[in-house]
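# Chain and residue survey
Here are the chains, one letter per residue:
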Amino acid sequence: MPHVLVAGRLHPSGMDLLSAAKGFTHDYVEEVSEASYAPLIGRADALVIRTQPLSAPTVAQAGRLRIVSRHGVGYDAVDLAALDARRIALAIVGDVNSVAVAEHAMMLLLAAAKRAIIADRAVRSPAGWGWRDRLEAREISGKRLLIIGYGRIGRHLARMAAGFGMTIEAFDPWLLRAGWPDGPVAPATDLMAALARADAVSVNVPRAEKPVLGRAELAVLKRGALLVNTARGGVVDEQALAEALATGQVGAAGLDVFDAEPPPAGHPLLGFPQVVLSPHIAGLNAECAERMSVMSVQNVIDFFAGQLDDALVVNRETLHA
């Protein structure tokens, strides 16, 4: 009888599915930390995990573990090499939140352009009403948006931005090699040249060894350009962005992700009123939380039934070992 360890609070629909599944038992730890679930890992045949780390030492204690199912699509906090060494499968939930993330990126883009946070504070401050005469808010209609990473999220965002009258260009070297999707969005072949044309930039790519946007990239933007990051912390060099905001090279920004989460007190980006911040929630709304919960549990059920979709497994070779 497979025993499942659920690490981190899940939407009730996911827990209901697990409780109703015949032949399964489970432990449920609602706290989101590695220390909270690690003492129970030794009895688990499967692990459903939220955003907390899964380190090699914890994997070493998991003598029965056969599958890890991530409550999401990213797995930066999971030691994949440790799982591979033990032939433990790592599954993700697939496309359950791309629309939500695109909506959030569009919201941040609009909020940055319209200086929504500053406008809100102006109304709440007894002496703030006069801020309106500074004319800091900007239109996005007719402006050029560069989308870096043109997967599902990028394509949803392009559709939304087109509805606001933006001209859209996308940079995605992988798609250029694999075949550019049909549609009106033109591919950019040179990132630096595309940045120089952009009035606004949205990054939608995984974290790499170095930032996609650092000092050199930010320096070629049109002065006063907007920047939105709903991808991962580290995709944008935060210190370089702070410097660019201080000089006005970047006019405003919307950020949902950070190098350290939550960002520490005194973080340079916290001091800019023209920066709109959110706590890594682009893909975490009520609808997405339910879908991720259900699918992360369903992946475990399907694995033990021999029916898990290979496309949802990061290290597919473990399924056929």
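Each remark here, short or long, concerns the structure printed above.
Bear in mind the structure is a predicted one, so any value in this text is a computation, not a measurement. (Residues numbered from 1 in each chain as written. Predicted model: local features only at pLDDT ≥ 70, side-chain atom pairs only at ≥ 80, totals over all residues. Heavy atoms only, no water.)

### Digging into the pairing of strand β1 (residues 3-7)
Regular strands have side chains that alternate between both faces of the sheet. Most of β1 sits inside the fold, with five of its five residues counted as buried. The two faces of β1 match: H3, L5 and A7 on one face and V4 and V6 on the other face are all buried. In this structure, β1 lies alongside strand β2 (residues 25-29), joined through five bridges in parallel fashion. Bridge pairing in β2 links H3 to T25. Where the polypeptide runs from β1 across helix α1 (residues 12-20) and back to β2, its parallel neighbour, the crossover connection is right-handed. Note that β1 and strand β3 (residues 46-49) share four bridges and pair parallel. Its bridge partner lying in β3, V4 is registered against A46. (Buried < 20%, exposed > 50% of the residue type's maximum accessible area, 1.4 Å probe, protein only. Helix = DSSP H or I, 4+ residues; strand = E, 2+ residues; numbered from the N terminus. Pairing = 2+ DSSP bridges. Right-handed = clockwise from strand over helix to strand, strands pointing away.)

### Some details on the sheet that holds β2
In spatial order, the strands read β2-β1-β3-β4-β5; together these five strands make up an open sheet with parallel pairing. A single partner strand is all that each edge strand has here, and the edge strands are β2 and β5 (89-91). Averaged over neighbouring strand pairs, the angle between their axes works out to 15 degrees when direction is ignored. Relative to strand β4 (residues 67-70), helix α12 (residues 286-304) is tilted by about 155 degrees, and along the sheet it contacts β1, β3, β4 and β5. (Axes fitted to C-alpha atoms, helices over the stretch in contact; angles between N-to-C directions. Contact = heavy atoms within 4.5 Å.)

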